[in-house]
Amino acid sequence: MRLFTLLLICLLPIEALSRGVYQQPTDFINDVFQNNPPAAKRLWITGERKKISNDILGHPPRSLRVRYWGQDSRTAWILEEIGKEKPITVGIVINKNRVERVKVLIFLESRGWEVRHDFFTEQFKNIGLQSNKELDKSIDGISGATLSVRALKKLSRLALYLHSQTDFAHDAS
Amino acid sequence: MTRHKKNSKPIIKLRSLYLWHRYIGISAALFLLVLAVTGLFLNHTTDLRMDRNFISNEQLLNWYDIEPPQRTLSYATPQHHATLVEDKLYLNEQSIPGHFESLAGVIELEDIIIIAVDKQLLLLTPNGEVIERINNVNGQRALLGAIGKISNNIVIQTDDFFITDLDFSVWKKASKQEILNIEWSYPTRLSRKLRQQLKHDYRSNILTLERVMLDLHSGRIMGNIGVYLMDAAAVILILLALSGCFIWLQQLRKRRHKKTTT
């Protein structure tokens, strides 16, 4: 019976095993703030912010208001972006205007799940935003995961930009 | 005389071949035009955003047997309708991005429209712009069963009744007294005009221009007959190429023959 189950698991397509919820967003926030998260704040993405967010994403933002958690010079964001067809939910922590952590929380696409691995997300560590809203360091892509890589890069840029619009960005200076 | 007889045979053959080549060419022209034009478009589907352009022509939608939606569920506030048509959500006649499975109700508080859909609350402006998507409401992972309001607070029902305000940061269990005073959102009937409009909009967002172009290219737009017609066109084009080459070879041979005799 065990052998049969093992065989069945081996026959499952690898991507089917790779899709899903890796960490609940609430667990991510608890993790970032050592189980004592501050109250969530909201940032309106309207006017100039909407225009810049649109430039970064290449399409209008999914909502006019985004929720975030901030303490000292750190902010944590739960953002979503469509890879090819389905949304990729990513948790991003910004500290002193630089990326501290990027984590793929929910991945529902059938391809490109490799972006969840640390070897890829580690590249974002300590990256900042240039004045033209591009990342100040290049990110190596993953063949076969171009759209997911692009989505993560966009979300990192967006999180850095949105962080710069909060009071916590000024705490860093 | 004998020399003349020998030369006349290939000329007759060549003439008849010319005629056949011409008829084949004329009969293939229409198919070739369709193939070339649709092929050109298909080479640039992304640039032309053909996968994002939808067909709304009723005749074409009927030709493709795209049926009107079966499932329509609507809830209303005094001024707005939230309607789920199959997997598409509408605020009045405006489509909300995304695919949805269930609709549990709609309420309006301080010019914000709150729709309970699947496992989330959608906060919208009266124009249908998404203000925020509140997922994982109060840590609940179950589908939202109902939404209502009590004074200026929002109430949702999952496995229990929970109350929050427009800040959505603190949720508390509703007391029995509070439960009795909840103003629930109930399903409502759509006006005939709006129902027809939503049904038409739903149908008009299924068939892409890319799909029609592909079907024109392969002939599938006319069903199996179209495919066989395109097969016949392909055979004709092959014959055209072969007869063209044959004529060219014949002429080449003739020219060489002339050169050697002179």
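**Side note on the interface of chain A and chain B**
Here comes step 1: Each side of the interface is counted separately: chain A has nine residues, and chain B has eight residues.
Here comes step 2: Elements supplying a minimum of two residues to the side of chain A that touches chain B: α3 (25–32) and β3 (65–71) of chain A.

**Quick look at the pairing of strand β11 (residues 161–164) of chain B**
Residue and element names in this part refer to chain B.
Here comes step 1: Every second residue of β11 is oriented toward a common face, the buried set being Phe 161 and Ile 163 and the non-buried set Phe 162 and Thr 164.
Here comes step 2: Strand direction decides the pairing type here: strand β10 (residues 153–157) and β11, joined by four bridges, are antiparallel. In the strand pairing of β11, Gln 157 is matched with Phe 161.
Here comes step 3: Taken together, β10 and the strand that follows it, β11, pair antiparallel across an intervening segment of three residues.
Here comes step 4: As paired strands, β11 and strand β12 (residues 172–173) are joined by two bridges and run antiparallel to one another. If you follow Ile 163 over to β12, its bridge partner there is Lys 172.

**Quick look at the sheet that holds strand β4 (residues 94–96) of chain B**
Think of a sheet as strands paired side by side through backbone hydrogen bonds, with each pair either parallel or antiparallel.
All names here are of chain B.
Here comes step 1: With antiparallel pairing, the four strands of this open sheet are ordered in space as β1-β2-β3-β4. Where the open sheet ends on each side, the last strands, each with one partner, are β1 (72–76) and β4. Sheet twist, expressed as the mean angle between neighbouring strand axes with direction ignored, is 25°.
Here comes step 2: As paired elements, strand β2 (residues 81–85) and strand β3 (residues 88–91) share four bridges and run antiparallel to each other. What sits directly across from Ala 82, in β3, is Leu 91.
Here comes step 3: Across the sheet, helix α4 (residues 192–203) lies against β1, β2, β3 and β4, angled at about 45° from β2, the strand it touches most.

**Some remarks on the domain arrangement of chain B**
Here comes step 1: In terms of domain boundaries, chain B breaks down into domain 1 (2–53 + 208–261) and domain 2 (70–202).
Here comes step 2: The straight-line distance from the C-alpha centre of domain 1 of chain B to that of domain 2 of chain B is 59 Å.

**Details of unusual backbone geometry**
Here comes step 1: Positive phi, normally seen in glycine, also occurs at Asn35(A), with a value near 60°.
Here comes step 2: Its location among the elements puts Asn35(A) in the loop between α3 and β2 (41–44).
Here comes step 3: On the basis of neighbour count, Asn35(A) is assigned to the exposed category, with 9 C-beta atoms found within 10 Å.
Here comes step 4: Unusually for a residue other than glycine, Ser151(B) sits at a positive phi of about 45°.
Here comes step 5: Along the chain, Ser151(B) falls in the loop between β9 (146–150) and β10.

**Digging into the packing of helix α4 (residues 47–57) of chain A against helix α6 (residues 146–164) of chain A**
Residues and elements named next belong to chain A.
Here comes step 1: In the contact formed by α4 and α6, the axes pass within 9 Å of each other and the chain directions differ by 160°. When the axes of α4 and α6 are compared, the pair comes out roughly antiparallel. For α4 against α6, the interelement crossing comes out right-handed. Packed against α4, whose contacting residues are Ile 52, Ser 53, Ile 56 and Leu 57, the element α6 presents Lys 154, Arg 157, Leu 158 and Tyr 161 at the interface.
Here comes step 2: Among the residues forming the contact of α4 with α6, the class breakdown is five nonpolar, one polar and two charged.

What counts and what doesn't
- Residues numbered from 1 in each chain as written.
- Chains lettered and ligands numbered in written order.
- Predicted model: local features only at pLDDT ≥ 70, side-chain atom pairs only at ≥ 80, totals over all residues.
- Contact = placed C-beta atoms within 7 Å.
- Helix = DSSP H or I, 4+ residues; strand = E, 2+ residues; numbered from the N terminus.
- Buried ≥ 20, exposed ≤ 12 C-beta atoms within 10 Å, placed from the backbone.
- Pairing = 2+ DSSP bridges.
- Axes fitted to C-alpha atoms, helices over the stretch in contact; angles between N-to-C directions.
- Domains from an automatic or database assignment.
- Parallel < 35°, antiparallel > 145°, perpendicular 65-115°, else oblique.
- Left-handed = near helix turned anticlockwise from the far one by under 90°.
- Nonpolar A, V, L, I, M, F, W, Y, C, P; charged D, E, K, R; others polar.

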